[in-house]
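# Chains, contacts and geometry: an overview
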Amino acid sequence: MDSLDWDLISSYAGLLSLACISVYTGAHGSLPAPKKPKIDGTDKSVVQGDEDEEDDEGIADRLSSGDAWLFPVAGSVALFGMYAIMKFFGKEWINWLLAWYFSIAGVGSVWKSAASLMRFAVGEERWKKFDRNRVLILKGPRELLSVSFRTPTIGLLPLALIPSVLFNISETGRRSAFITDILGLSFSYNAICLLKIDSFKTGCILLSGLFFYDIYWVFGTDVMLTVATSLDVPIKLLWPKSLSFASERGYTLLGLGDIVIPGTFVALALRYDHARADGKGGFKKPYFYATLAAYFAGLVTTMTVMHVLGRAQPALLYLSPACILTFLGVGTIRGELGEGWKWIDGGGDGSGKGHEDGSVEQRSKNKSKKRMQ
């Protein structure tokens, strides 16, 4: 037992915790708002649309299978482009430019994350009692921009500025891992909330494509490792290799892509569980818990192999098969694989009607008939 490197083990455990918390919270943040009740045959959300506008996502754009095929291509172009810029022009100016970009984006990201956290802490009913403020930008009769927020959210804006300001004024290469993690966690949370895939078919295509993308750029070239270690921007999570959080030994790191991409698949599993329950609260989550456990196991495997072999590993090499095979396995065991494969995430009302053939809704009706018989 004395030979175990507890400093390094604690670093792995810390990264695991941060990644799983990001996926768990982001998945729940991706759930659709409850459908508003109707009064006298009229949808209350229309009558009180102004009151509840902040909850209304509308029909958000979903990532389709056609989009999923392009992800590895677009990712490869962006990755190699940054690598080429660093090789020919150096990394200093691109770090400076990206630091400003992520600092500005970080203000909005941390603000939104802090508002979600406060909303959860005070409870939905109490949150709705706060005054709602709305900022409109109009051009003639046309609405160009509309932003609405509850009163406590205003007080969170100065706090949201702090991480970005501290990050940007710090010297490149000596920025705080704590500040980097705050920004990185907020980016990953909001990305999982907003980046929604429309079906398990799309999710499998996306994870499969990025499976080969990750393998090639990590094992086939030095591009991924060079870019990841050269960019001093909050696109990764860091944890010091020390029980006392000292930085002398350096940090273990995990790219946000290894959180967000599998996280969107786990979030889809949660929305599927939600749809199967007809959008009711307190629903069972077999697919969500299974895919979240698969994500955890995939990360543990990644870190174990990395530790044993002593070299960086493409996390999606383990995460993609873990998530895909878990969904297929759970669906097969429960006899619902065909139904889950056909399901389309319609979003909006959480009623389970976002399907190619209404299979989830029909399944619930069939079960009710069997109970009556």
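These lines cover the structure that appears in this document, whether it is placed above or below. What you are looking at is a predicted structure, and each value in this text was computed from that prediction instead of being measured.

Here is what the cut-offs are and how they apply
Residues numbered from 1 in each chain as written. Predicted model: local features only at pLDDT ≥ 70, side-chain atom pairs only at ≥ 80, totals over all residues. Heavy atoms only, no water. Helix = DSSP H or I, 4+ residues; strand = E, 2+ residues; numbered from the N terminus. Buried < 20%, exposed > 50% of the residue type's maximum accessible area, 1.4 Å probe, protein only. Contact = heavy atoms within 4.5 Å. Areas by Shrake-Rupley, 256 points an atom, 1.4 Å probe, with all protein chains shown as cover. Patch = residues over 30% accessible without salt bridge, like charges linked within 9 Å, V, L, I, M, F, W, Y side chains within 5 Å. Salt bridge = Lys/Arg side-chain N within 4 Å of Asp/Glu carboxyl O. Core = buried A, V, L, I, M, F, W, Y, C linked by side-chain atoms within 4.5 Å. Expected span 1.5 Å × (residues − 1). Polar contact = N/O pair within 3.5 Å; in protein donor to acceptor, adjacent residues only side chain to side chain. Pairing = 2+ DSSP bridges. Lys, Arg positive; Asp, Glu negative; His and termini not counted. Phe/Tyr/Trp six-rings, centres within 6.5 Å; stacked < 30°, edge-to-face > 60°. Lys NZ or Arg CZ within 6 Å of the ring centre and 35° of its normal. Arc of directions from axis to C-beta. Axes fitted to C-alpha atoms, helices over the stretch in contact; angles between N-to-C directions. Parallel < 35°, antiparallel > 145°, perpendicular 65-115°, else oblique. Left-handed = near helix turned anticlockwise from the far one by under 90°. Nonpolar A, V, L, I, M, F, W, Y, C, P; charged D, E, K, R; others polar.

## Some details on the overall build of the protein
Counting its regular elements, the protein contains 14 helices and 6 strands. For the protein, with 373 residues in total, the buried portion stands at 44%. For the protein, restricting intrachain contacts to residue pairs at least 6 apart in sequence, the fraction spanning at least 24 positions comes to 71%. Summed over its atoms, the accessible surface of the protein is roughly 19,800 Å², and 64% of this surface lies on carbon and sulfur atoms.

## What to know about a nonpolar patch on the surface
Taken together, the side chains of Phe88, Phe89, Trp93, Trp96, Leu97, Trp100 and Ile104 make up a nonpolar region of the molecular surface, amounting to roughly 920 Å² of accessible area. Going through the elements one at a time, α3 (65–89) and α4 (92–122) are the ones with two or more residues in the nonpolar patch. Considering each element in turn, the nonpolar patch owes the most residues, 5 residues, to α4. Structurally, Ile104 can be placed in helix α4.

## Details of the nonpolar core
One broad rule of soluble globular proteins: the nonpolar side chains tend to lie buried together. By size, the foremost hydrophobic cluster in this structure holds 70 residues, and its most contacted members are Phe200, Ile259, Phe265 and Tyr295. Per-element accounting of this core gives the leading share, 10 residues, to helix α10 (residues 257–276). Non-local contacts of Tyr295, meaning those with residues more than four positions away in its chain, are made with Ala19, Cys20, Val23, Leu254, Asp258, Ile259, Pro262 and Leu319.

## Here we look at the environment of Lys284
Position of Lys284 relative to the elements: it lies in the loop between α10 and α11 (286–309). Residues Lys284 and His274 lie 10 residues apart in sequence; the distance between their C-alpha atoms is 8.0 Å.

## Observations concerning helix α12 (residues 316–333)
When the terminal C-alpha atoms of α12 are compared, their 25 Å separation across 18 residues agrees well with the 26 Å that a helix rising 1.5 Å per residue should span. Along α12, the residues that are buried comprise Leu316, Leu317, Tyr318, Leu319, Ser320, Ala322, Cys323, Ile324, Thr326, Phe327, Val330 and Gly331. Taken together, the buried residues of α12 touch α8 (200–220), α10, α11 and α13 (337–342). Directly after α12, the chain includes Gly335, whose backbone phi takes a positive value near 70°.

## Looking at the side chain of Glu336
Relative to the helices and strands, Glu336 is located in the loop between α12 and α13. Of note is the side chain of Glu336, whose polar atom sits 2.9 Å from the side chain of Arg276.

## Regarding unusual backbone geometry
With phi around 65°, Phe245 is a residue other than glycine that occupies positive phi space. By secondary structure assignment, the location of Phe245 is in the loop between β5 (236–240) and β6 (251–255).

## Some remarks on the pairing of strand β3 (residues 132–139)
For a regular strand, side-chain orientation follows a simple rule: the groups alternate between the two sheet faces. As paired strands, β3 and strand β4 (residues 142–150) are joined by 8 bridges and run antiparallel to one another. By the bridge assignment, Val135 is partnered in β4 with Val147. The hairpin formed by β3 and β4 contains 2 residues between the paired strands, and Gly140 there has a positive phi angle of roughly 65°.

## Re the environment of Leu337
Secondary-structure assignment places Leu337 in helix α13. Placed 10 residues apart in sequence, Leu337 and Phe327 show a C-alpha to C-alpha distance of 8.3 Å. When near neighbours in sequence (up to four residues on either side) are disregarded, Leu337 contacts Phe327, Leu328, Gly331 and Thr332.

## Topic: the side chain of Lys285
Tracing the sequence through the fold places Lys285 in the loop between α10 and α11. Buried charged residue Lys285 carries no salt bridge. Nearest counter-charge: Asp273, at 7.9 Å. In contact with Lys285, not counting residues within four places along its chain, are His28, Leu270 and Asp273.

## Some thoughts on the packing of aromatic side chains
As enumerated under the stated definition, the model contains 18 aromatic pairs in all. On the numbers, 6.0 Å between centres and 75° between planes, the contact of Trp127 with Phe130 is edge-to-face. Classification of Trp127 by relative accessible area gives buried; the value is 2%. Aromatic pair Trp239 and Phe245: ring centres 5.7 Å apart, planes at 55°, arrangement tilted. Using a relative accessible area of 54% as the deciding quantity, one classes Phe245 as exposed. Here Arg276 stacks its cationic end above the ring of Tyr272, 5.7 Å away from the centre of that ring.

## Points about helix α9 (residues 223–230)
Of the positions making up α9, those classed as buried are Val223, Met224, Val227 and Ser230. One face of α9 carries all of its buried residues, which in axial projection span an arc of 150°. As for α9, its buried residues are in contact with α3, α4 and α8.

## Digging into the pattern of salt bridges
Evaluated as defined, the whole model comprises 8 salt bridges. Asp5 is paired through a salt bridge with Arg249; the nearest N and O atoms lie 2.9 Å apart. Residue Asp5 is found in the segment before α1 (6–29), and its partner Arg249 is found in the loop between β5 and β6; the two are separated by 244 residues along the sequence. Its salt-bridge partner being Asp345, residue Arg271 comes within 2.6 Å of it at the nearest N-O pair. Of this pair, Arg271 sits in helix α10 while Asp345 sits in the loop between α13 and α14 (359–372), placing them 74 residues apart in sequence. Each of Asp273, Arg276, Arg334 and Glu336 takes part in a single network of salt bridges with overlapping partners.

## Points about the packing of helix α6 (residues 151–169) against helix α7 (residues 177–194)
Interhelical geometry of α6 versus α7 gives an angle of 130° and a closest axis separation of 10 Å. With respect to each other, α6 and α7 are oriented oblique. Note on packing geometry: the crossing formed by α6 with α7 is left-handed. Contacts from Pro163, Ser164, Leu166 and Phe167 in α6 reach Ile179, Thr180, Ile182 and Leu183 in α7. Considered class by class, the residues forming the contact of α6 with α7 number 6 nonpolar, 2 polar and no charged.

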